[in-house]
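If you want the building blocks of each chain, they are given just below.
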Amino acid sequence: MTSPALAVTALSKSFGAKRAVEDATFSVARGEITGFLGPNGAGKTTVMNMIVGLTAPDAGAIELFGVPQGSRQRDLRVLFGYLQEKPRIYPEMTARAYLRFFADLYGIADAGSRVKEVIERVGLTAAADRRLGNFSRGMQQRACLARVMLHRPELLILDEPTLGLDPNGVADMRAIFREMKAEGVTLLFSSHQLAEMERVCDSVVFMRQGRVLATGRPGELLPSGLSASSLQVELYETAAQCIQGIAALPGVARAHQIGPHRLELVLRGLPDDGRDARAHAVRLLSSAGYTVLSVDAATPSLEDIFIGLTRPESLVRQEPAGLVH
């Protein structure tokens, strides 16, 4: 069995009396894009800094491509690239000179052509000979992404790579991620652009208050209050007029309005088969006198999952599926 690109086991870190990360465990499969999610202060950056060796963990283990951190450390460092949240630049340098400087540090034989290639890839060709200090925040972010791509790493660890980018820049970044995945590169990145992450991520890791709450495929994780028995129903009748009557029906665990004629229902005892579950809902509502126009499975978005997993514990009424204990 092939080892994951990254395996983090029981990782912990404190800064004085503050416990920043506690017993964090997750893995990133080779050749996949994994989103690292959580509210500000969740511990994501601290975990990333420990993975790349900038911060020493108090406890736990980290493996890169099956090799423990600390073993063959010099060899491991060339396997990954790390983009920190705040761009690290030399403002007096042009983008081309900046990248050539790092290409020489990496000992890249075809430095000139490689620099040209990454400049084109991040969309900075027209600005390549301008000083980085005159770049916008988004352009500086692009230059830093080009820097961490220079040595052709097998794993990219990116902390808020879309920060400061306009919508076109975010779309460009998404295209770059997909291209790199197609080339076999593994990516772990954090972002608050949940809609963008949903488009590109194969899996996600959720953190809150230093702990990993859940890991898995986005479609497999369910937020608090939403279960596999959740359905979206479109009625001929006005939803506001029907909601109380439907919520009182036998077998209805929860019902709330999501549109003028649309409801989200959580039903008890639904069949596992999705087709049978929808038929069951139609029979239930029709027998009560409602006109059902459509029934669909309610697929939670990353935003739904994020809110369900990271809201204050006092608001959480049930455990989300996919919890890591």
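I will try to describe carefully the structure that is included in this document. Sequence order as written defines the numbering, with residues in each chain counted from 1. In view of the model being predicted, local features appear only for residues whose pLDDT reaches at least 70, and side-chain atom pairs are presented and counted only at 80 or more, with totals across whole chains, interfaces and linings using the full set of residues. Hydrogens and water molecules were not included; the side-chain quantities draw on all heavy atoms of the structure.

### Describing the overall build of the protein
Runs of H or I in DSSP of at least four residues are treated as helices and runs of E of at least two as strands, each being numbered from the N terminus. Broken down by element type, the protein carries ten helices and 14 strands. Residue exposure (1.4 Å probe, protein chains only): buried if accessible area is under 20% of the type maximum, exposed if over 50%, otherwise partly exposed. Counting over 325 residues, the protein shows a buried share of 48%. Every residue pair with non-hydrogen atoms within 4.5 Å of one another is taken to be in contact. A separation of at least 24 residues holds for 68% of the contacts in the protein among residues at least 6 apart in sequence.

### Focus on empty space enclosed by the protein
Here a cavity denotes grid points, spaced 1 Å and computed from the protein atoms alone, that fit a 1.4 Å probe unable to get out, and a pocket denotes an open set having protein on both sides within 12 Å along at least 5 of 7 lines; residues with an atom within 4 Å of a point are the lining. Grid points are joined across faces, edges and corners, and a volume is the space filled by probe spheres set on the points. In this structure the tally under the stated criterion is one cavity of 30 Å³ or more. Computed from the structure, the largest cavity encloses a volume of approximately 60 Å³. Lining the largest cavity are Thr162, Val170, Met173, Arg174, Phe177, Phe189, Ser191, Gln193, Glu196 and Val200. When contributions to the lining of the largest cavity are tallied by element, the ones reaching two or more residues are α6 (167-182) and α7 (194-200).

### Regarding the sheet that holds strand β1 (residues 6-15)
A pair of strands is labelled paired if DSSP reports no fewer than 2 bridges between them. Across the sheet, four strands lie side by side as β2-β1-β4-β5; this open sheet has antiparallel pairing. Single-partner strands in this sheet number two, and they are β2 (18-28) and β5 (67-68). Pairing geometry for β1 and β2, over seven bridges, is antiparallel. When the sheet's bridge partners are listed, Ala7 is paired in β2 with Ser27.

### A few points about the sheet that holds strand β14 (residues 292-297)
In space, the four strands of this open sheet follow the order β12-β13-β11-β14, with antiparallel pairing throughout. Sheet topology places β12 (252-257) and β14 at the edges, where each strand pairs with a single neighbour. Taken pair by pair, the neighbouring strands of this sheet meet at an average axis angle of 25°, ignoring direction. Pairing between strand β11 (residues 230-235) and strand β13 (residues 262-267): five bridges, direction antiparallel. Bridging from a neighbouring strand, Ser230 pairs with Val266 of β13. Across the face of the sheet, helix α8 (residues 239-247) comes into contact with β11, β12 and β13 while running at roughly 170° to β12. For helices, the fitted line uses only the C-alpha atoms of the stretch in contact; every axis is such a line through C-alpha atoms, and the angle between N-to-C directions lies from 0 to 180 degrees. Sitting on the sheet, helix α9 (residues 274-287) is in contact with β11, β12, β13 and β14, with an inclination near 145° to β14.

### Digging into the pattern of salt bridges
One speaks of a salt bridge when a side-chain nitrogen belonging to Lys or Arg is within 4 Å of a carboxyl oxygen belonging to Asp or Glu. Applying the stated criterion across every chain yields a total of 14 salt bridges. Notably, a salt bridge pairs Arg121 with Glu179, separated by 3.4 Å at the nearest N-O pair. With Arg121 in helix α4 (residues 111-121) and Glu179 in helix α6, the pair connects residues that are 58 residues apart, well separated along the chain. Each of Arg121, Glu179 and Glu183 takes part in salt bridges that share partners, so that together they form one network.

### Things to note about α9
An expected span of 1.5 Å times one less than the residue number is assigned to each helix. The end-to-end C-alpha separation of α9 is 20 Å, in line with the 20 Å expected for 14 residues at 1.5 Å each. Check the buried side of α9 and you find it contacts β11, α8, β12, β13 and β14. At the exit of α9 stands Gly289, carrying a positive phi of roughly 95°.

### Some remarks on the nonpolar core
Definition of nonpolar core: a set of buried residues of the types Ala, Val, Leu, Ile, Met, Phe, Trp, Tyr and Cys, connected through side-chain atoms within 4.5 Å. Ranked by internal contacts, the top residues of the largest apolar core, which has 51 residues, are Leu145, Leu158 and Phe206. The greatest single-element share of this core, amounting to seven residues, is contributed by helix α5 (residues 137-149). Ignoring sequence-local partners within four residues, the contact set of Leu158 consists of Met48, Leu83, Leu145, Val148, Phe177, Leu187, Leu188, Phe189 and Ser190.

### Considering the packing of helix α3 (residues 95-106) against α5
At a minimum axis distance of 9 Å, the contact between α3 and α5 shows a crossing angle of 20°. One finds that α3 runs roughly parallel with respect to α5. Considering only the axes of α3 and α5, their crossing is right-handed. Judged by residue contacts, Tyr98, Leu99, Phe102 and Tyr106 of α3 engage Ala143, Cys144, Ala146 and Arg147 from α5. Any residue outside Ala, Val, Leu, Ile, Met, Phe, Trp, Tyr, Cys, Pro, Asp, Glu, Lys and Arg is labelled polar, Gly included; the first ten of those are nonpolar and the last four are charged. Split by residue class, the contact of α3 with α5 holds seven nonpolar, no polar and one charged. For this classification, under 35 degrees means roughly parallel, over 145 means roughly antiparallel, 65 to 115 means roughly perpendicular, and everything else is oblique. If you view the pair so one helix is near and one far, a crossing is left-handed when the near helix is turned anticlockwise from the far one by less than a right angle, and right-handed when it is turned clockwise.

### Observations concerning a nonpolar patch on the surface
On the surface, Tyr90, Phe101 and Leu105 cluster together to form a nonpolar patch covering roughly 290 Å² of accessible area. With respect to the helices and strands, Phe101 occurs in helix α3. Each patch is built from residues that are more than 30% exposed by relative accessible area and take part in no salt bridge. Like charges join if they lie within 9 Å; nonpolar side chains (Val, Leu, Ile, Met, Phe, Trp, Tyr) join within 5 Å. Areas reported as accessible are Shrake-Rupley estimates using a 1.4 Å probe. Residue values count occlusion only from the protein chains shown.

### Some remarks on the pairing of strand β6 (residues 80-83)
On β6, burial covers both faces: Phe80 and Tyr82 on one face and Gly81 and Leu83 on the other are all buried. Pairing between β6 and strand β7 (residues 155-159): four bridges, direction parallel. Among the inter-strand pairings, Tyr82 is bridged to a residue of β7, identified as Ile157.

### Examining the packing of aromatic side chains
Ring pairs shown here join Phe, Tyr and Trp side chains whose ring centres sit within 6.5 Å, with only the six-membered ring taken for Trp; geometry is labelled stacked below 30 degrees between planes, edge-to-face above 60, and tilted in between. Within this structure, the stated rule accounts for seven aromatic pairs. Judged by centre distance (6.2 Å) and plane angle (70°), the ring pair of Tyr90 and Tyr98 falls under edge-to-face. Given the relative accessible area of 37%, Tyr90 is considered partly exposed. Of the residues examined, Tyr98 reaches a relative accessible area of 0% and is grouped as buried. A ring pair is formed by Tyr90 and Phe102, whose centres lie 6.4 Å apart and whose planes are at 15°; its orientation type is stacked. One end of the pair, Tyr90, is in the loop between β6 and α3; the other, Phe102, is in helix α3, with twelve residues separating them in the sequence.

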